[in-house]
Amino acid sequence: MSEQKKVIFSGMQPSGVITLGNYLGALKNWTNLQDEYNCLYCIVDMHAITVRQDPAVLRKNSRDLLMLYIAAGLDPEKNVIYMQSHVSGHAELAWILNCFTYMGELNRMTQFKDKSQKHSDNVNVGLFAYPALMAADILLYQTDLVPVGVDQKQHLELARDIAIRFNNTHGDTFKVPEPYISKVGAKIMSLQDPTKKMSKSDEDTNASVSILDDPDTIVRKFKRAVTDSDTVVRFDPENKPGVSNLMTIYSVATGMTMQQIETEFEGQGYGSFKLKVAEAVVEELRPLQDKFKQLAKDKTYIDTIIKKNAETANYLAAKTLRKVQKKVGFVPISR
Ligand code: TYM
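Note that the structure is predicted; figures quoted are calculated from it, not measured.

Quick notes on the rules
Within each chain, residue numbers correspond to sequence positions counted from 1 in written order. Predicted model: local features are reported for residues with pLDDT of at least 70 only, side-chain atom pairs are reported and counted for 80 or more only, and whole-chain, interface and lining totals are derived from all residues. The basis for every side-chain value is the complete set of heavy atoms in the structure, and neither hydrogens nor water enter the calculation. Note on conventions: DSSP H or I runs of at least 4 residues are helices, E runs of at least 2 residues are strands, and numbering of each starts at the N terminus. The size measure is the radius of gyration over C-alpha atoms, and the globule rule it meets is 2.2 Å times the number of residues to the 0.38 power. Burial status follows relative accessibility: with a 1.4 Å probe on protein chains alone, a residue under 20% of its type maximum counts as buried, one over 50% as exposed, and anything between as partly exposed. Contact definition: two residues touch when any of their heavy atoms are within 4.5 Å. For the area figures, the Shrake-Rupley method with a 1.4 Å probe applies, and any residue is considered shielded solely by the protein chains shown. Think of it this way: Lys and Arg go in the positive column, Asp and Glu in the negative one, and His and the chain ends go nowhere. To locate a charge, take atom NZ for lysine, CZ for arginine, CG for aspartate or CD for glutamate. Reported domain spans reflect what an automatic or database domain assignment gives. When two components associate, each loses some accessible surface as probed by a 1.4 Å sphere; the sum of these losses over both components is called the buried area. Definition used for salt bridges: Asp or Glu carboxyl oxygen within 4 Å of a side-chain nitrogen of Lys or Arg. Any pair of N or O atoms that falls within 3.5 Å is considered a polar contact. Within protein, one atom must be able to donate a hydrogen and the other to accept it, and sequence-neighbouring residues count only if both atoms are side-chain atoms. All residues other than Ala, Val, Leu, Ile, Met, Phe, Trp, Tyr, Cys, Pro, Asp, Glu, Lys and Arg, Gly among them, are scored as polar; the first ten of these are nonpolar and the last four charged. A helix is expected to reach a length of 1.5 Å times the quantity of its residues less one. In the cavity and pocket records, a cavity denotes points on a 1 Å grid over the protein atoms alone where a 1.4 Å probe fits but cannot get out, a pocket denotes an open set with protein on both sides within 12 Å along at least 5 of 7 lines, and lining residues are residues with an atom within 4 Å of a point. Grid points are joined across faces, edges and corners, and a volume is the space filled by probe spheres set on the points. Two strands are counted as paired when DSSP detects at least two bridges linking them. By nonpolar core we mean a set of buried residues, namely Ala, Val, Leu, Ile, Met, Phe, Trp, Tyr and Cys, connected to one another through side-chain atoms within 4.5 Å.

Q: Would you mind showing me how to read the overall build of the protein here?
A: Secondary structure assignment for the protein yields 13 helices and 5 strands. In terms of C-alpha radius of gyration, the protein reaches 21 Å, essentially the compact-globule figure of 20 Å for 335 residues. Residue burial in the protein is summarised as follows: out of 335 residues, 52% are buried. A fraction of 75% describes how many contacts in the protein between residues 6 or more apart in sequence connect residues 24 or more apart. Put simply, the protein shows about 16200 Å² of open surface, and 52% of that area lies on carbon and sulfur atoms. Mean positive and mean negative side-chain charge positions of the protein (42 and 40 charges, respectively) differ by 5 Å.

Here it is as structure tokens:
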């Protein structure tokens, strides 16, 4: 990794096949950063177990997610693509950062509130402390920028606060990271309730598009997308959330501005608009899906990537971890 380049870190939970929201809000943007920055992209399996997972399914989802990163265009030779659980530094730093994180701060996290409501039979300590682990993920690599969707902004602000608090107590240790959120697509909404974000855990399968959905399924889901009783394709998230969401998806997939989209569909009904959006999504995902199918056939190659990148990540993580352990007063092993 080049010393001069800034560091990017981000991750996704392998808690199911990722959605079009994950892709347009995060993964697609990551692929544009790989030349300019030193990038680490993690499969955050340790975060995923804050809600119950079937071990066999988690294993499959984690490998699939790694392949999806590559299939989306992340070059595993240029980017450090790895499993969180392969780098024990994440858990070790998380423990230390737990001791710099207040209960009150964690209590305010909306993701914790949402998930503890959804999984009320399993409100575990890991779910509560999740943002401290996320801070550890980021701070472990002296990250400059964190490309995420809007929903992760609150966690990122907390990571910054924790870094600043630690630095104030023990002297300059961590780089204070900045969020990197794209202007369009950072919050893709549910196709069935456009006031809610698209989520892989939505029970209504028509609400979200999986990035591995086949073309017919994608078309069907877009045809059923909730819009409004009007007929005009106009960008107005407040009053026309469904149509505006579809326009956002179309905009990110085609690179067109909202103005251009409004002009393209002037005088046309929602039917042809929805179909065009679906087709654009199918075309956007086609190369990724083809590459994914190819990668899935080459287990040995994926195993090699997993091993090699885990070694790189461990090497990088150790540098910060040793520094932090020293600062808090842990006795070093003499060499
Ligand atoms: P996760 O796995 O929920 O989501 C992965 C990424 O996708 C973005 N995203 C969306 N973007 C646009 N529209 C949507 N509907 C949508 N849904 C999700 C998320 O903002 C995220 O960028 N806590 C994180 C994972 C994580 C992480 C980290 C991220 C763990 N450690 C360190 C960055 C840095 C999460 O649960 O993302």
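Q: How do you make sense of the domain arrangement of the protein when you look at a structure like this?
A: Interface size is commonly expressed as the accessible surface area that is lost when the partners come together. Per the domain assignment, the segments of the protein are domain 1 (7–181 + 299–328) and domain 2 (215–293). Just the C-alpha atoms count here: the centres of domain 1 and domain 2 sit 31 Å apart. Taken together, the contacts link 10 residues of domain 1 with 9 residues of domain 2. Where domain 1 abuts domain 2, roughly 910 Å² becomes buried across the two surfaces, and 78% of that area is made up of carbon and sulfur atoms. The largest contributions to the domain 1 side of the interface with domain 2 come from Leu-20, Leu-24 and Ala-71, which together make up 48% of the buried area. Here Lys-28 ties to Glu-284 by a salt bridge, and the two come within 3.0 Å at their closest N and O atoms. Summed over the shared surface of domain 1 and domain 2, the number is 2 residue pairs in polar contact (both at pLDDT 80 or more). The set of elements that each furnish at least two residues to the side of domain 1 that touches domain 2 consists of α1 (20–30) and α3 (55–71). Counting residues per element, the side of domain 1 that touches domain 2 draws most heavily on α3, at 5 residues. Across the side of domain 1 that touches domain 2, the residue classes tally to 8 nonpolar, no polar and 2 charged.

Q: What is the right way to read helix α8 (residues 153–170) from this model?
A: In an α-helix, one full turn covers 3.6 residues, which means residues spaced three or four apart are oriented alike. Counted at 1.5 Å a residue, the expected span for α8 with its 18 residues is 26 Å, and the 26 Å between its end C-alpha atoms agrees. One or two residues past the end of α8 sits Gly-171, with phi positive at roughly 85 degrees.

Q: How do you make sense of the layout of surface pockets when you look at a structure like this?
A: In this approach the atoms are scanned with a rolling probe the size of a water molecule, which exposes any empty space left behind. A volume near 1500 Å³ is recorded for the largest pocket. If you trace the largest pocket, you find 50 residues lining it, with Gln-111, Asp-151, Gln-152, Lys-197 and Ser-199 closest to the centre. Looking at the lining of the largest pocket, the elements that each hand over two or more residues are β1 (7–12), α1, α2 (45–48), α6 (110–118), α7 (125–139), β4 (145–147) and α8. Looking at the lining of the largest pocket element by element, the count peaks at 6 residues for α6. Counted by class, the lining of the largest pocket contains 17 nonpolar, 21 polar and 12 charged residues.

Q: Teacher, can you tell me more about the pairing of strand β3 (residues 80–83) here?
A: Successive side chains on a regular strand alternate, one facing one side of the sheet and the next facing the other. Judged by which residues are buried, β3 turns out to be covered on both faces: Val-80 and Tyr-82 on one side and Ile-81 and Met-83 on the other are all buried. Here 4 bridges tie strand β2 (residues 38–43) to β3, and the two strands are oriented parallel to one another. Across the sheet, Tyr-41 pairs through a bridge with Ile-81, a residue of β3.

Q: Which parts of the structure should I look at to understand the nonpolar core?
A: One broad rule of soluble globular proteins: the nonpolar side chains tend to lie buried together. Ranked by size, the top nonpolar core spans 59 residues in total, and within it Leu-20, Tyr-69 and Phe-222 carry the most contacts. Top element by residues in this core is helix α12 (residues 270–296). It accounts for 11 residues. Composition of this core by domain shows at least three residues from each of domain 1 (7–181 + 299–328) and domain 2 (215–293). Ignoring sequence-local partners within four residues, the contact set of Tyr-69 consists of Gly-11, Met-12, Leu-27, Trp-30, Tyr-41, Cys-42, Ile-43, Leu-74 and Ile-81. Within the second largest apolar cluster, 41 residues are counted, among which are Val-87, Leu-93, Met-134 and Leu-156.

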